[in-house]
Amino acid sequence: KPYIFCAYNFENNINMQFRSIYSLVVIALSTDAFSPMSTVMRSSKFALQASDKPLTDLCEITKEACDVVSPLLKEMYSQIKIGTGTSDTALFKSDATFFTIADGIVQHMFIEYLFAGNKFHEIVGEEDDSEVNILETPYTVDSLVVPEEFEDLITSTLEKVKALASRIDQTAYSDMTIFVDPIDGTREFATGKGDKVTILVGYNDAEGIPAAGIIYRPLTEPAYWASGSKREGFTDGVLDLAEEPNPKGVLITDGKVSPFIKSTIENSGMNMVPSLASGNRVLMLVEGKAGAYIRDTGGFCKWDTSGPQAVLEAYGGVMAKLPEFLENKDMISYTHLKSPLNLDFCKRSVGLTLSNARDKKMFIPGLDSIVTDVHLVKEYNCVQGLVALAPTKMEAFYLNAIHSAMNNIKKESPPMYT
């Protein structure tokens, strides 16, 4: 397709428009970007000297890695069978999420090859317990044998990932901890809802605060994604923008909506927006499809918040734990560090569930159990709720309205932290 070469100075604002404040940058834009009917927008802010922006470099390399593994994911997605352990490519987990070969292989390529060596302080992945063999055929993921038709594609993909690994600086990230979710929305991947699936990678500083990250939908056409680092003033992405922005929308999960969330939405004059998968929800906020994503109940983990928080904040939004916001509108991040215990556990406020219990035998259905021992909950579960606000909701008026609505109903319908 023809390209239009444009000279602009870029700064991303909440309406995804461009305005001049930085040095002149020349880029090439497809004519599709100017189509009045297009809902796709490429938004970016580039530094003239990328080598002076280590987090920007890291985001760009990670995006290329997502590009590289996407054909493999698409091929597996096109052939995967829905099952509960009876198919070659899917097993049913005890916590009601699907584990697929794709999950294990992508994480293995990222952790053992892309981020290999001592470039980073620590790396945490959702599927850390998986045993993956992609060096000798037949390839395997735990007890699953990878179908032979995937072998050539896996081999070629691995070589491309290795090539990208050589471009990551050996010393610039030695204090950073990575959180990786190779396929966020595994259940969606295994049940034909691939447009909700994302790859999530977050880079966290020595205090465990997200500093850079990416949310990447590998199964859409084109691939929609956003990456960014607020600290370096960097954002980049291809966004599936809402045809009609919905700043009054609050994203709700596909599960039961708690009384606290339901009452908050009703009392704030906002509306419910059904949604699937944690990473996809945050990308929806960036795309203008809702103004807020609020949770009191759990079922999500720190690999679901690390990359998305970095991206949302780079674009001008915010993500934080719910209790501090509810108390006095403080925005306190979860702590994204490798640890044997949950670093955000709050004694006498967390309910034990099948999702957050370290030993599932400790969970008794129908019994409301408040946990007093941190050893009973999983180390990476987010057990203090969540409040994520889109860039359009960052003005004091909206913050006050949401905060006021929560406090008006919290005595009658208190949050249920799990």
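Residues numbered from 1 in each chain as written. Predicted model: local features only at pLDDT ≥ 70, side-chain atom pairs only at ≥ 80, totals over all residues. Heavy atoms only, no water.

(A) Layout of the sheet that holds strand E18 (residues 318-320). Ordered in space as E16-E15-E17-E21-E18, the five strands form an open sheet in which the pairing is mixed. The strands lining the two open edges of the sheet, one partner per strand, are strand E16 (271-274) and E18. Adjacent strand axes in the sheet meet at a mean angle of 25 degrees, parallel and antiparallel pairs treated alike. Bridge count for strand E17 (residues 292-295) against strand E21 (residues 386-389) is four bridges, and the pairing is antiparallel. (Pairing = 2+ DSSP bridges. Helix = DSSP H or I, 4+ residues; strand = E, 2+ residues; numbered from the N terminus. Axes fitted to C-alpha atoms, helices over the stretch in contact; angles between N-to-C directions.)

(B) Looking closely at the nonpolar core. Within the largest apolar cluster, 54 residues are counted, with the highest numbers of intra-cluster contacts made by Ile 105, Phe 110, Phe 115 and Ile 154. Only helix H1 (54-79), helix H2 (101-114), helix H3 (151-165), strand E10 (177-184), strand E11 (198-204), strand E12 (210-216) and strand E14 (234-240) provide two or more residues apiece to this core. The biggest single contributor to this core is H1, with eleven residues. Each residue touching Ile 105, except ones within four places of it in the same chain, is listed here: Leu 72, Met 76, Val 132, Ile 134, Val 141, Val 146 and Ile 154. Ranked by size, the runner-up nonpolar core spans 24 residues in total, among them Leu 285, Val 286, Phe 300 and Val 311. (Core = buried A, V, L, I, M, F, W, Y, C linked by side-chain atoms within 4.5 Å. Buried < 20%, exposed > 50% of the residue type's maximum accessible area, 1.4 Å probe, protein only. Contact = heavy atoms within 4.5 Å.)

(C) Structural detail: the side chain of Asn 381. With respect to the helices, strands and loops of the structure, Asn 381 is situated in the loop between strand E20 (370-371) and E21. If we skip the residues at most four places from it in the chain, Asn 381 touches Phe 300, Cys 301, Lys 302, Asn 342, Ser 355 and Asn 356.

(D) Local environment of the packing of aromatic side chains. Under the definition given, this model contains nine aromatic pairs. Aromatic side chains Tyr 77 and Phe 189 sit 5.4 Å apart centroid to centroid with 55 degrees between the ring planes, which places their arrangement in the tilted category. Of this pair, Tyr 77 sits in helix H1 while Phe 189 sits in helix H4 (residues 186-190); the two residues are 112 residues apart in sequence, bridging distant segments of the chain. Judged by relative accessible area, which is 22%, Tyr 77 ranks as partly exposed. A relative accessible area of 1% places Phe 189 in the buried class. (Phe/Tyr/Trp six-rings, centres within 6.5 Å; stacked < 30°, edge-to-face > 60°.)

(E) Structural context of the confidence of the model for the chain. Averaged over all residues, the pLDDT of the chain equals 84, while 82% of them reach at least 70. Of the regions scoring below 50 in pLDDT, residues 45-50 engages in 16 contacts with residues more than four places distant in sequence or in other chains. Segment residues 81-86: pLDDT under 50, and twelve contacts once partners within four positions in sequence are set aside and those in other chains are kept. (pLDDT = per-residue confidence, 0-100.)

(F) Local environment of unusual backbone geometry. Following Thr 137, the chain continues into Pro 138 via a peptide bond in cis, with omega recorded as 0 degrees. Along the chain, Pro 138 turns up in the loop between strand E7 (132-133) and strand E8 (140-141). Between Glu 221 and Pro 222 the backbone carries a cis peptide bond, its omega angle lying at 0 degrees. Topologically, Pro 222 is positioned in the loop between E12 and strand E13 (225-229). With phi around 55 degrees, Asp 142 is a residue other than glycine that occupies positive phi space. Here Asp 142 lies in the loop between E8 and strand E9 (144-145). In the Ramachandran plot, Lys 329 falls in the positive-phi region, its phi being about 70 degrees despite a non-glycine side chain. The exposure class assigned to Lys 329 is partly exposed, which follows from its relative accessible area of 35%.

(G) Representation of empty space enclosed by the protein within the structure. Applying the stated criterion across every chain yields a total of two cavities of 30 Å³ or more. When its volume is computed, the second largest cavity comes out at roughly 30 Å³. The wall of the second largest cavity is formed by Ser 278, Val 282, Tyr 293, Phe 300, Asp 304, Thr 305, Met 319 and Leu 386. (1 Å grid on protein atoms, 1.4 Å probe; cavity = no way out; pocket = protein on both sides within 12 Å on 5 of 7 lines; lining within 4 Å. Points joined across faces, edges and corners; volume = space filled by probe spheres on them.)

(H) Fine view of the pairing of E21. Burial along E21 is two-sided: the residues Leu 386 and Ala 388 and Val 387 and Leu 389 are all buried. The sheet contact formed by E18 and E21 spans three bridges and is antiparallel. In the strand pairing of E21, Val 318 is matched with Leu 389.

(I) Main features of the packing of helix H6 (residues 278-286) against helix H7 (residues 306-314). Closest axis-to-axis distance for the H6/H7 pair is 10 Å, and the angle between their directions is 5 degrees. By the angle class used here, H6 and H7 are roughly parallel. On H7, the residues that touch Gly 279, Val 282, Leu 285 and Val 286 of H6 are Pro 308, Val 311 and Leu 312. (Parallel < 35°, antiparallel > 145°, perpendicular 65-115°, else oblique.)

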